[in-house]
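Geometric and topological summary
Below are the chains, spelled out letter by letter.
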Amino acid sequence: MRGGGVRRRRVVFIGVEGKSDRAFVRFLGHICDDERLHLHLDIKPGGGGDSLAVVETARRRLRKHPDPRSISKRLVLLDSDRMEADREADRDARAKASKWGIEVVLINPNLEGLLVRLHEGHETRLISASDAARALRKLWPDYQNGWLTAKQLKRRFDFKDVRRAARHDEALRKLLELLGL
């Protein structure tokens, strides 16, 4: 508790690749608020690049954090479709993240693939990374990568959609558990 009886929010640091991933995590933050979880999601985009670059950016931002002891969890969201190529290029993001105390949550195969599965009736749909954006635009014609906002996601989806998809997506289920949802 802080002075005045205000309970301090638990800080969850989440490194993400770019703007759309940040919008998705902000959307999850709205769900956390709706569920009355006392969290602050400290979302830091990594500016793209390969998976290791995103993890390295997250580590730099964690090291510069004004109150590192306040962070209860350290996460980074990565697209699973890049991980194998990165490992083959000797850029193992998971190993570095583990070494630095950052937990990796993989989005399968990428954010667009996850957003497809949030649509009712598509929860179990397995989709390749190369087909994900096209499939998403069929379901959501107004979707534009890089321009996605949490507000757009909140208008389109709710916690029920996320829970339904999480029943068939181990990584999404893990992310929800880490947030306490």
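Refer to the structure printed above.
One can find Tyr143 in the loop between α6 (129-139) and α7 (150-156). Each C-alpha atom of the pair Tyr143 and Leu106 lies 22 Å from the other, and the pair is 37 residues apart in sequence. Setting aside chain neighbours within four positions, we find Tyr143 in contact with Ser20, Glu112, Leu115, Leu136, Arg137 and Leu148.

Moving on, we get to helix α1 (residues 19-34). The terminal C-alpha atoms of α1 lie 23 Å apart, and with 16 residues this matches the ideal 22 Å at 1.5 Å per residue to within 8%. What α1 keeps buried is the set Ser20, Asp21, Ala23, Phe24, Val25, Phe27, Leu28, Gly29, Ile31 and Cys32. Arg36 sits one or two residues past α1 and shows a positive phi near 60 degrees.

Strand-to-strand pairing in sheets goes through backbone hydrogen bonds, with the strands running parallel or antiparallel. Reading across from one edge, β2-β1-β3-β4 is the order of the 4 strands in this open sheet, with parallel pairing throughout. Unpaired on one side and paired on the other, β2 (39-45) and β4 (103-107) mark the two borders of the sheet. Going from strand to strand, the sheet's axes swing by 25 degrees on average, the running direction of each strand aside. Across the face of the sheet, α1 comes into contact with β1 (10-16), β2, β3 (71-79) and β4 while running at roughly 180 degrees to β2. Each of β1, β2, β3 and β4 touches helix α9 (residues 170-179); the most contacted strand, β4, lies at about 140 degrees to it.

Parameters and conventions
- Residues numbered from 1 in each chain as written.
- Predicted model: local features only at pLDDT ≥ 70, side-chain atom pairs only at ≥ 80, totals over all residues.
- Heavy atoms only, no water.
- Helix = DSSP H or I, 4+ residues; strand = E, 2+ residues; numbered from the N terminus.
- Contact = heavy atoms within 4.5 Å.
- Expected span 1.5 Å × (residues − 1).
- Buried < 20%, exposed > 50% of the residue type's maximum accessible area, 1.4 Å probe, protein only.
- Pairing = 2+ DSSP bridges.
- Axes fitted to C-alpha atoms, helices over the stretch in contact; angles between N-to-C directions.

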